[in-house]
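# Architecture and fold: a report
Next come the chains, spelled out residue by residue.
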Amino acid sequence: MIEFIEMTKEFQVGTTVVTALNNINLTIQKGDVFGVIGFSGAGKSTLIRTVNLLEEPTSGRVLVNGKELTTLSKKQLREEKKNIGMIFQHFNLLRSKTVFENVAMPLVISGVKKSNIEGQVREVLSFVGLQDKAERYIDELSGGQKQRVGIARALVTKPTILLCDEATSALDPQTTKSILELLKRVNIEYGITILMITHEMEVIRDICNRVAVMENGKVIETGNVLEIFSAPQEETTKNFVQSVVRDDIPQSVYEQLKTKDRSKKIYNLKFIGIDVGQPVVSQVAKKFDVDVNVLFGNITELQGIPFGNLIVELVGTDKEIDKAHQFIQTKDIQIEEVIADESELANHYRRSARYAVYG
Ligand SMILES: Nc1ncnc2c1ncn2[C@@H]1O[C@H](COP(=O)(O)OP(=O)(O)OP(=O)(O)O)[C@@H](O)[C@H]1O
């Protein structure tokens with residue numbers, strides 16, 4: 001468990017003070033895969049580095065498994081730090097040493113007997129799938145393999161907490177996926193609490209159960225990943241969510257609305273964790289005198305739970321469409337009529353422009 005309590009971190013730069021973290025209150029529970037997301041400069045790196053005292057808080061407290069590291073003696077601190085593994089964006093491995101030697105390093109430094117080192121290193125190398133690469137040098141490995149070495153090195157002291165500093169940012173999407181799967185195994189099989197910082201919402205979507213969004217040194221929103229994805233409150237959070245789950249109304253749907261055909265209504269159906277899509281759509285078509293056309297669908301998965309939206313057009317009399325609308329509501333599906341007023345259109349174009357900027 002990690003607790004940040006009214007924690008502030010300032011840097012003195014010449015004559016000015018930079019407030020990197022401003023009164024952070026956050027709790028990471030044991031067993032969490034907790035993601036911290038924010039744009040560059042939000043304070044993420046500084047935050048994660050206060051956990052193992054790579055940065056010392058200016059005020060407030062950081063408790064790791066109930067202990068405030070700044071109050072410990074050097075010896076106690078060395079012991080506690082074994083509890084906290086860390087992996088980095090650029091791996092931070094020693095190129096002049098082999099995979100085995102890199103992974104063994106934390107044990108060598110803390111004075112573990114040579115005879116005990118061998119077994120522990122082989123065990124973690126096997127866990128990360130590099131048992132056959134022990135004698136290779138770092139430069140002979142791919143980026144994904146290097147990060148596996150980083151993970152093995154972090155695990156070899158049997159920590160209870162793993163800090164991940166943009167651990168997949170230097171990797172291609174396929175390798176990112178395999179490293180995230182490995183981290184999920186670290187969490188489940190070793191029961192290790194993971195705190196990761198990232199600027200990629202895909203990472204949060206794929207493995208985190210909780211998330212905090214940071215901006216200008218503050219946590220602006222935090223919660224369960226499903227909650228945050230389904231009902232983001234802050235503009236920055238909405239932007240991050242939209243970067244992976246686009247639930248805005250496509251241009252083609254707005255074009256349809258311009259026809260102003262009164263026998264048609266367009267609805268946006270939002271699904272969270274229920275039998276997505278087709279069964280409800282076909283039930284509506286069977287039960288009511290309406291035609292249902294699916295105009296657009298975007299369903300993804302969050303922690304194994306279907307999540308996303310479907311835009312449908314209902315064609316029929318007002319009365320039948322109302323009945324269908326009410327029926328859909330009984331299915332716990334969030335349903336909103338899509339109306340093409342001027343502000344919706346303006347919003348739409350603003351959002352499109354924003355996506356263009358984010359690529
Ligand atoms: N050692 C330092 N000295 C002075 N200012 C610093 C130092 N480290 C961080 N900062 C400042 O603190 C703020 C937060 O930086 P931080 O690196 O924590 O953000 P970040 O969200 O991790 O960004 P990035 O993703 O670009 O690393 C920034 O304004 C940064 O310039």
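Up top is the structure these notes are about.
Described in the following lines is the structure provided in the data block. Small disclaimer: the values here were computed from a predicted structure and weren't measured.

### Re the site of the ligand
Around the ligand, 13 residues are found, and the nearest of them are Phe 11, Ala 20, Ser 40, Ser 45 and Thr 46. Residue assignment for the shell around the ligand shows that the elements contributing at least two residues are β1 (2-13), β2 (16-28) and α1 (44-51). With three residues, the top contributor of residues to the shell around the ligand is α1. Among the residues forming the shell around the ligand, the class breakdown is five nonpolar, seven polar and one charged.

### Here we look at the sheet that holds strand β14 (residues 334-337)
Strand order in the open sheet formed by four strands is β12-β13-β11-β14, with antiparallel pairing between adjacent strands. Sheet topology places β12 (291-302) and β14 at the edges, where each strand pairs with a single neighbour. Along the sheet, successive strands turn relative to each other by an average axial angle of 15 degrees, direction set aside. Where strand β11 (residues 264-272) lies against β14, four bridges are found, and the strand directions are antiparallel. Opposite Leu 269, over in β14, you have Ile 335 as the bridge partner. Against the sheet, helix α12 (residues 318-330) engages β11, β13 (305-315) and β14, with an angle of about 150 degrees to β14.

### Observations regarding the sheet that holds β2
Read from one edge to the other, the open sheet built from four strands follows the order β2-β1-β4-β5, with strand pairing classed as antiparallel. Both edges of this open sheet fall to β2 and β5 (67-68), since each of them pairs with a single strand only. Here five bridges tie β1 to strand β4 (residues 59-64), and the two strands are oriented antiparallel to one another. In the sheet register, Ile 2 faces β4, and the bridge partner there is Val 64.

### Re the nonpolar core
Side chains of a nonpolar character, in soluble globular proteins, are inclined to be buried together. Membership of the largest hydrophobic core comes to 86 residues, with the highest contact counts inside it found for Val 103, Ala 152, Leu 163, Ile 194 and Leu 195. Structurally, this core is a two-domain feature, drawing no fewer than three residues from each of domain 1 (2-234) and domain 2 (251-358). For Val 103, the residues in contact, after removing those within four places along its chain, are Val 121, Val 124, Leu 125, Val 149, Ala 152, Arg 153 and Val 156.

### Focus on the pairing of β4
As paired strands, β4 and β5 are joined by two bridges and run antiparallel to one another. Looking at β5, one finds that Val 64 is bridged to Lys 67. Between β4 and β5, which follow one another and run antiparallel, lie two residues, and Asn 65 among them has a positive phi close to 50 degrees.

### A look at the packing of helix α5 (residues 143-155) against helix α6 (residues 173-190)
The geometry of α5 relative to α6 is characterised by a closest axis approach of 10 Å and an angle of 15 degrees between their N-to-C directions. In terms of their interaxial angle, α5 and α6 are classed as roughly parallel. α6 is crossed by α5, and the crossing has right-handed handedness. Between α5, through Gly 143, Gly 144, Gln 147, Arg 148, Ile 151 and Leu 155, and α6, the contact on the second element is made entirely by Thr 175, Ser 178, Ile 179, Leu 182, Val 186 and Tyr 190.

### What about the environment of Gly 297?
Along the chain, Gly 297 falls in strand β12. Along the sequence, Gly 297 and Ile 28 sit 269 residues apart, while their C-alpha atoms lie 34 Å from each other.

### What to know about the packing of helix α3 (residues 99-109) against helix α4 (residues 114-127)
Between two packed helices, what matters for the description is the angle formed by their axes and the separation of those axes. Running from amino to carboxyl end, α3 crosses α4 at an angle of 125 degrees, the nearest separation of the two axes being 10 Å. In terms of axis orientation, α3 runs oblique to α4. Here the hand of the crossing between α3 and α4 comes out right-handed. On α4, the residues that touch Phe 100, Val 103, Ala 104, Leu 107 and Val 108 of α3 are Ile 117, Gln 120, Val 121, Val 124 and Leu 125. Here the contact of α3 with α4 is composed, by residue class, of nine nonpolar, one polar and no charged.

### Overview of the pairing of β2
In this structure, β1 lies alongside β2, joined through nine bridges in antiparallel fashion. Considered in β2, the bridge of Val 13 is made with Thr 16.

### As for unusual backbone geometry
At Asn 23, a position not held by glycine, the phi torsion is positive, near 55 degrees. Topologically, Asn 23 is positioned in strand β2. Positive phi outside glycine occurs at Phe 91, with the angle close to 70 degrees. Within the secondary structure, Phe 91 is located in the loop between β6 (84-88) and α3.

What counts as what
- Residues numbered from 1 in each chain as written.
- Predicted model: local features only at pLDDT ≥ 70, side-chain atom pairs only at ≥ 80, totals over all residues.
- Near = placed C-beta within 6 Å.
- Helix = DSSP H or I, 4+ residues; strand = E, 2+ residues; numbered from the N terminus.
- Nonpolar A, V, L, I, M, F, W, Y, C, P; charged D, E, K, R; others polar.
- Pairing = 2+ DSSP bridges.
- Axes fitted to C-alpha atoms, helices over the stretch in contact; angles between N-to-C directions.
- Contact = placed C-beta atoms within 7 Å.
- Core = buried A, V, L, I, M, F, W, Y, C linked by C-beta atoms within 7 Å.
- Buried ≥ 20, exposed ≤ 12 C-beta atoms within 10 Å, placed from the backbone.
- Domains from an automatic or database assignment.
- Parallel < 35°, antiparallel > 145°, perpendicular 65-115°, else oblique.
- Left-handed = near helix turned anticlockwise from the far one by under 90°.

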